[in-house]
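# Chains, contacts and geometry: an overview
If you want the building blocks of each chain, they are given just below.
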Amino acid sequence: MRRPTLAIAAAAAVALSGAGIGTATAKGPDDRVGVSGTDLLTDEIGRSVNVKHLANIAPSGVLAEGVGTDLAFQDDKVFVGNYDGFSIIDVRNPRKPKTIVQVKCPGSQNDITVSGDLLYLSTDSSRSDDSCESTSQSATIKDSWEGIKIFDISDVRNPRYVKSVETACGSHTHTLVPGKGKTKGNDYLYVSSYSPRDEYPDCQTPHDLISIVKVDKAAPTKSEVIATPNLFPDGGNPGGPGPTPIAGRSATTGCHDITALPHKNLAAGACMGDGIIMDISSPEKPRVIERVQDNENFAFWHSATFNADATKVVFTDELGGGGAPTCNTDIGPNRGANAIYSLSKLGKLTFKSYYKIPRHQGETENCVAHNGSIIPVAGRDIMVQSWYQGGVSVWDFTNSKKPKELGYFERGPLPVSEGTGGTWSTYYYNGHLFSSDIARGFDVLKFNDKATKKADKVIMDEFNAQSQPKYKVR
């Protein structure tokens, strides 16, 4: 492994206030009202009356051509992943967010988390080396690199690249599991990756594992892979004919994403053809305690979210890989959707129902269930979620068998020439909804509804959606 550059010259800070757009007064949550905007926001805007679009930062600078991906939060800052690097945005005034810095460091997807003075990035594209100046290089070449990059963000205006850790099959996503007790002071990164091939020296079949990277936060340059536990000794779901003509049922060759619930010593894994629950009481030795499949309606188990009291798990199906129009009559309400499961105290999962946005999208609009988070409200199970060009949906699954939408925000179809777009991740943090749009940049939304009013008083100083905190719900 080549040594990473220990310090990179961060791109000049790009301070941008949110680009203004008109707002619409709709009569109900199913009304789609179009409004002309400015700059890149010239497409139709639709929203429910309880959602306001406060601000947008359009793609710009060294990341202008990259794809916007996941989000992480710390104090009054949002960290935004991008296929070409990451940016740090000041959201002290949610109506006027400002970019503090952009860092060019290509390596899709650049899935991102933060922990104190450290920032972690996932690289899941084969690169010529582990530097921020790397270029694409075939995974058939032994010297090619994929894995985790670690930055020091103690000075948010000048992030420093301090360490890389190579992982088998790269790092499509990673999940931060903070140490506690005897392991306090360590971070454990559960690295999810998949799609091995015999011709890839560093991504051999079978690949039924995750990689665990241990980070001593006091000495991050000593970070290393400490374990590669096999989660599927039987090989997992073998795959097969798909629920629809556009996609087969994925065989399990690793996990796509894992969400940890550290205070309960649990994690939920979405692993291509399988959904799993793990006991992570020993973070270096996670243990699968439950496993479910849905061979009728699920094509690709993509992500998982616990409700606040850990009695339910929402799994998502990324039918069509995020690039297909699945929010339509032909695909129906049970495919490319969320699946709601109850979770017993023993870790057993029981299926309850599906949820999919009720608004059909056009034949050019890629739309499917994607990343979201819980809005912490006592006695209610409410989630905000991205659906690519299906937009942002706020929905209630308190009644697991009858989930319902509470509000939404979406743009009209992208020009066909722009291809795939829409919102990648939308998360609730300290009173607002923050969204990363693939083509349109960074959005700030406000959900004004009596159902979630008390959640605005739940203040966090750090939030990684795939490492769910113990919410102090009100």
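Worth saying up front: this structure is predicted, and the values here are computed from it rather than measured.

## Considering a positive patch on the surface
Residues Lys453, Lys454, Lys457, Lys472 and Arg474 make up a contiguous surface patch of positive charge. Along the chain, the position of Lys472 falls in the segment after strand E32 (462-463).

## Let's talk about the state of the cysteines
Within the structure shown, the criterion is met by four disulfides. One disulfide in the model links Cys105 with Cys132; its S-S distance is 2.1 Å. An S-S torsion of about -80 degrees defines the bridge between Cys105 and Cys132 as left-handed. Within this pair, whereas Cys105 is found in the loop between strand E6 (98-104) and strand E7 (109-115), its partner Cys132 is found in the loop between strand E8 (118-127) and strand E9 (145-152), the two being separated by 27 residues in sequence. Accessibility expressed as a relative area gives 6% for Cys132, which makes it buried. Cys169 shares a disulfide with Cys203; S-S distance 1.9 Å. Handedness of the Cys169-Cys203 disulfide follows from its S-S torsion of about 95 degrees: it is right-handed. One end of the pair, Cys169, is in the loop between strand E10 (160-166) and strand E11 (173-178); the other, Cys203, is in the loop between strand E12 (186-192) and strand E13 (211-216), with 34 residues separating them in the sequence. Assessed through its relative accessible area of 4%, Cys169 is described here as buried. Assigning the bonded cysteines of the chain consecutive numbers by sequence position, one obtains the connectivity 1-2, 3-4, 5-6, 7-8.

## Here's the deal with the pattern of salt bridges
What the rule picks out here adds up to 17 salt bridges. Residue Lys312 pairs with Asp381 through a salt bridge whose shortest N-O separation is 2.7 Å. Here Lys312 is found in strand E22 (residues 312-317), whereas its partner Asp381 is found in the loop between strand E25 (372-375) and strand E26 (382-386), with 69 residues between them in sequence. The pair Lys312 / Asp381 is uniform in exposure class, with both members buried. The partner of Asp396 in a salt bridge is Arg380, and the shortest N-O contact between them spans 2.6 Å.

## A closer look at the sheet that holds strand E29 (residues 423-429)
The four strands are arranged E2-E31-E30-E29 in an open sheet whose pairing can be described as antiparallel. Each end of this open sheet is capped by a strand with a single partner; those strands are strand E2 (51-57) and E29. Strand-to-strand twist across the sheet, computed as the mean angle between neighbouring axes with direction ignored, equals 20 degrees.

## Quick word on the sheet that holds strand E4 (residues 77-82)
Picture the strands of a sheet paired through backbone hydrogen bonds; they go either parallel or antiparallel. Strands sit in the order E6-E5-E4-E3-E32 across an open sheet of five strands; the sheet is antiparallel. Among the strands making up the open sheet, the edge pair consists of E6 and E32.

## Some words on empty space enclosed by the protein
Under the definition given, this model contains four cavities of 30 Å³ or more. Counted as a void, the largest cavity has a volume near 230 Å³. Among the elements of the structure, E4, strand E5 (85-90), E6, strand E30 (432-437) and strand E31 (441-447) are those that each provide at least two residues to the lining of the largest cavity. Ranked by the residues each element gives to the lining of the largest cavity, the list is headed by E4, at three residues. Split by residue class, the lining of the largest cavity holds nine nonpolar, 10 polar and one charged. For the second largest cavity, the lining is made up of 19 residues, of which Tyr388, Arg411, Gly422, Thr423 and Asp437 are closest to its centre.

## Remarks on the layout of surface pockets
One simple way to see leftover space: roll a probe sized like a water molecule over the atoms. In this structure, the largest pocket encloses a volume near 660 Å³. If you trace the largest pocket, you find 28 residues lining it, with Pro178, Glu462, Ser467, Pro469 and Lys470 closest to the centre. Elements with a minimum of two residues in the lining of the largest pocket: E11, E12 and E32. Put simply, the second largest pocket is a space of about 310 Å³. Forming the walls of the second largest pocket are 27 residues, and the residues nearest its centre are Gln109, His256, Glu318, Gly321 and Tyr388.

## Regarding the side chain of Lys356
With respect to the element layout, Lys356 can be found in the loop between strand E24 (349-355) and E25. Put simply, Lys356 is tucked away with no salt bridge, and the nearest opposite charge, on Asp317, sits 7.9 Å away. Within polar-contact distance, the side chain of Lys356 engages the backbone oxygen of Thr326 at 2.5 Å. Side-chain polar atoms of Lys356 contact the backbone oxygen of Arg335, separated by 2.7 Å.

Thresholds applied
- Numbers given for residues are sequential positions, taken from 1 along each chain in its written order.
- This being a predicted model, a pLDDT of at least 70 is required before a residue's local features are given, and a value of 80 or more before pairs of side-chain atoms are given or counted; all residues contribute to the totals for chains, interfaces and linings.
- Water and hydrogen atoms were dropped before computing side-chain values, which therefore reflect all heavy atoms in the structure.
- Here the term patch refers to residues with relative accessible area over 30% and no salt bridge, with like charges joined within 9 Å and nonpolar side chains (Val, Leu, Ile, Met, Phe, Trp, Tyr) within 5 Å.
- Per-residue and other accessible areas follow the Shrake-Rupley method at a 1.4 Å probe size, with only the shown protein chains counted as cover for residues.
- Whenever Lys or Arg places a side-chain nitrogen within 4 Å of a carboxyl oxygen from Asp or Glu, that contact is recorded as a salt bridge.
- Only four residue types enter the charge count, namely Lys and Arg as positive and Asp and Glu as negative; His and the chain termini do not.
- Positions of charges follow a simple convention, taking NZ of Lys, CZ of Arg, CG of Asp or CD of Glu.
- Each helix is a run of DSSP H or I of at least 4 residues and each strand a run of E of at least 2, with the numbering of both proceeding from the N terminus.
- To count as a disulfide, a pair of cysteine sulfur atoms needs to be within 2.5 Å.
- Each residue's exposure class comes from its accessible area (1.4 Å probe, protein chains only) as a fraction of the maximum for that residue type: buried when under 20%, exposed when over 50%, partly exposed otherwise.
- A pair of strands is labelled paired if DSSP reports no fewer than 2 bridges between them.
- Structural elements are reduced to axes, namely lines fitted to C-alpha atoms, with helices fitted over the stretch in contact, and the angle between N-to-C directions of any two is expressed from 0 to 180 degrees.
- Cavities and pockets were defined on a 1 Å grid built over protein atoms only: a cavity is a set of grid points that admits a 1.4 Å probe from which the probe cannot escape, a pocket is an open set flanked by protein on both sides within 12 Å along at least five of seven lines, and lining residues are those with an atom within 4 Å of any such point.
- Grid points are joined across faces, edges and corners, and a volume is the space filled by probe spheres set on the points.
- Classification used: nonpolar for Ala, Val, Leu, Ile, Met, Phe, Trp, Tyr, Cys and Pro, charged for Asp, Glu, Lys and Arg, polar for all others including Gly.
- Contacts described as polar in this section are N or O atom pairs within 3.5 Å, which, within protein, must combine one atom able to donate a hydrogen with one able to accept it, while residues neighboring in sequence count only if both atoms come from side chains.

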